[in-house]
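Single-letter residue listing:
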Amino acid sequence: MTTLSIPSPSQGVWHLGPLPIRGYALAIILGIVAAIWIGERRWVARGGRYGDVQDMAVWAVPFGLIGGRLYHVATDHERYFGASGDAWQILYVWRGGLGVWGSIFLGAVGAMICAYRKGIRIAPMVDALAPGLLVAQAIGRWGNWFNQELFGKPTDLPWALRIDPAHRPPGYEDDATFHPTFLYECIWDLGAFFVLIALDRRFKFGHGRMLALYVMAYTLGRGWIEMLRIDTVELDNVYGLRFNVWTSIVLFVLAATYFVVSARLWPGQEESPYVDGHREDRPAPTPEGETAPAAAPDAEAGGAHDPETPPGAG
């Protein structure tokens with residue numbers, strides 16, 4: 001047994017009087033805040049108005065949380081509707097169980113509703129948001145560390161994760177250290193974020209291709225990390241692979257196909273991130289609370305990336 005290991009938290013919940021503060025929830029919230037901050041800066045650099053991403057988050061975040069939970073329940077429904085299941089636990093989101101693809105799907109539905117109401121073109125918006133999703137997922141994965149869940153196979157590597165006996169799955173009661181898949185995914189997502197930012201600064205992707213790159217980058221990492229995990233899931237052997245591995249393979253292929261086809265059909269970027277006539281020609285609020293002059297009509301249509309955008313924002 002290894003003498004070096006990453007310790008697991010002794011607790012994942014702290015109480016401020018009657019109010020429980022859960023590490024899992026904090027990780028999710030911090031990830032959402034980071035994604036909004038990054039997305040807002042990229043959206044403004046793309047030619048959008050400051051505040052649009054925050055408005056869209058009001059729709060996308062609750063839709064995404066519901067979608068993530070529904071995906072998890074649908075792919076592991078025996079836990080809730082089986083002979084020993086408890087359907088009420090569907091509401092216990094703080095115990096973990098948010099499927100990323102359900103979150104992205106319904107979150108996108110919420111974003112499209114907001115985009116339609118505000119006259120925003122959805123393709124440039126999702127291109128602005130996509131890299132920040134990787135940061136959100138990197139931070140959110142630390143919620144699994146607090147819950148001591150979704151770790152990988154036993155290992156004695158120096159960076160192995162020590163899991164308390166109460167959280168070890170059946171058949172692994174005598175193993176104390178496991179692959180820290182939450183950490184692997186965190187590092188992968190952050191690395192992919194910086195790669196996507198660098199590529200976007202060089203090629204200035206448009207028409208949803210940044211979102212396609214995000215899907216390819218995330219699924220490429222999620223596929224091999226998923227194969228390390230040993231948590232009990234209902235669809236753990238679908239033609240030899242976990243269902244989530246197949247999902248990653250299919251989505252990677254679809255995203256890569258869209259990237260190539262769209263680059264041929266719609267090269268470059270959209271002329272404007274707004275549907276014609278929907279951007280208001282009035283001063284826009286800035287993050288510092290000052291007022292920026294309204295863009296001239298011909299400047300609004302460009303929306304090119306600002307080469308001076310600070311690192312990590314563009």
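Provided above is the structure to which this section pertains.
Analysis parameters
Residues numbered from 1 in each chain as written. Predicted model: local features only at pLDDT ≥ 70, side-chain atom pairs only at ≥ 80, totals over all residues. Heavy atoms only, no water. Salt bridge = Lys/Arg side-chain N within 4 Å of Asp/Glu carboxyl O. Helix = DSSP H or I, 4+ residues; strand = E, 2+ residues; numbered from the N terminus. Buried < 20%, exposed > 50% of the residue type's maximum accessible area, 1.4 Å probe, protein only. Phe/Tyr/Trp six-rings, centres within 6.5 Å; stacked < 30°, edge-to-face > 60°. Lys NZ or Arg CZ within 6 Å of the ring centre and 35° of its normal. Patch = residues over 30% accessible without salt bridge, like charges linked within 9 Å, V, L, I, M, F, W, Y side chains within 5 Å. Areas by Shrake-Rupley, 256 points an atom, 1.4 Å probe, with all protein chains shown as cover. Contact = heavy atoms within 4.5 Å. Core = buried A, V, L, I, M, F, W, Y, C linked by side-chain atoms within 4.5 Å. Axes fitted to C-alpha atoms, helices over the stretch in contact; angles between N-to-C directions. Parallel < 35°, antiparallel > 145°, perpendicular 65-115°, else oblique. Left-handed = near helix turned anticlockwise from the far one by under 90°. Pairing = 2+ DSSP bridges. Expected span 1.5 Å × (residues − 1).

Q: Help me understand the pattern of salt bridges in this model?
A: A full pass over the atoms with the stated rule returns 10 salt bridges. Put simply, Lys-118 and Asp-52 hold a salt bridge, and the shortest N to O gap is 3.3 Å. Pair noted here: Lys-118 is in helix H4 (residues 100-118) and Asp-52 is in helix H2 (residues 52-75), with a separation of 66 residues, a long-range link. When its relative accessible area of 27% is taken as the criterion, Lys-118 is described as partly exposed. A salt bridge links Arg-229 to Asp-231, with the nearest nitrogen and oxygen atoms 3.1 Å apart. The exposure classification of Arg-229 matches that of Asp-231, with both residues buried. Taken together, the salt bridges that share partners define one network made up of Arg-222, Glu-226, Arg-229, Asp-231 and Arg-242.

Q: I'm lost on the packing of aromatic side chains in this one. Help?
A: How two aromatic rings sit relative to each other is given by the distance of their centres and the angle of their planes. With the rule as written, the count across this model stands at 16 aromatic pairs. Ring plane angle 70 degrees and centroid distance 6.1 Å describe the contact between Trp-188 and Trp-224, whose orientation is recorded as edge-to-face. One end of the pair, Trp-188, is in helix H7 (residues 181-203); the other, Trp-224, is in helix H8 (residues 209-226), and 36 residues separate them in sequence. Consider the rings of Phe-193 and Phe-194, whose centres lie 5.1 Å apart with planes at 70 degrees: the pair is edge-to-face. Its relative accessible area of 52% is what places Phe-194 among the exposed residues. Feature note: the residues Trp-14, Trp-142, Trp-145, Phe-146 and Phe-182 constitute an aromatic cluster, connected by ring pairs. The aromatic ring of Phe-203 is capped on one face by Arg-202, whose charged end is 4.8 Å from the ring centroid.

Q: Looking at this structure, I do not really get a nonpolar patch on the surface. What am I missing?
A: Taken together, the side chains of Leu-220, Tyr-239, Trp-246, Ile-249, Phe-252 and Val-253 define a hydrophobic patch exposed on the protein surface, amounting to about 620 Å² of accessible area. With respect to the helices, strands and loops of the structure, Phe-252 is situated in helix H9 (residues 243-265).

Q: Would you mind going over unusual backbone geometry with me for this structure?
A: In this model, Leu-150 sits at a positive phi of 55 degrees, which is unusual for a non-glycine residue. Relative to the assigned elements, Leu-150 resides in the loop between helix H6 (142-147) and strand E3 (161-162). Of note in this structure, His-207 is not a glycine but carries a positive phi near 55 degrees. The residue His-207 is located in the loop between H7 and H8 in this model. The class of His-207 is buried, set by a relative accessible area of 19%.

Q: How should I be thinking about the side chain of Thr-219 in this particular structure?
A: Here Thr-219 shows up in helix H8. For Thr-219, the contacting residues outside a window of four places in its chain are Trp-101, Ser-248, Leu-251 and Phe-252.

Q: Sorry if this is basic, but what is going on with the nonpolar core here?
A: Within soluble globular proteins, side chains that are nonpolar generally end up buried alongside one another. Core analysis: the largest hydrophobic core is formed by 22 residues, its most contacted members being Leu-134, Leu-196 and Tyr-214. Those elements that provide at least two residues to this core are helix H1 (23-45), H4, helix H5 (122-140), H7 and H8. Counting residues per element, this core draws most heavily on H8, at eight residues. Apart from residues no more than four positions distant in its own chain, Leu-134 is found in contact with Asp-189, Ala-192, Phe-193, Leu-196, Tyr-214 and Tyr-218.

Q: How should I be thinking about the packing of H5 against H8 in this particular structure?
A: Packed helices, taken two at a time, are described by the angle their axes make and the gap between the axes. Put simply, H5 and H8 touch, their axes get as near as 7 Å, and they point 25 degrees apart. By the angle between their directions, the pair H5 and H8 is classed as roughly parallel. Both H5 and H8 take part in a crossing whose hand is left-handed. Where H5 approaches H8, its residues Val-126, Asp-127, Ala-130, Pro-131, Leu-133, Leu-134 and Gln-137 are matched on the opposing element by Arg-209, Met-210, Leu-211, Tyr-214 and Tyr-218.

Q: Could you clarify how one ought to interpret the pairing of strand E1 (residues 13-16) in this entry?
A: Moving residue by residue along a regular strand, the side chains alternate between the two faces of the sheet. In the sheet, E1 pairs with strand E2 (residues 19-22) via four bridges, with the strands oriented antiparallel. Bridged to Val-13 within E2 is Arg-22. The hairpin formed by E1 and E2 contains two residues between the paired strands, and Gly-17 there has a positive phi angle of roughly 65 degrees.

Q: Honestly, H4 in this entry has me stumped. Any pointers?
A: Counting along an α-helix, one turn takes 3.6 residues, and residues three or four places apart therefore face a common direction. With 19 residues, H4 extends 26 Å from end C-alpha to end C-alpha; this agrees with the ideal 27 Å at 1.5 Å per step. Among all positions of H4, only Val-100, Trp-101, Gly-102, Gly-107, Gly-110, Ala-111, Cys-114 and Ala-115 are buried. Where H4 is buried, its residues touch H2, H5, H8 and H9. Downstream of H4 by a residue or two, Gly-119 has a phi angle that is positive, lying close to 70 degrees.

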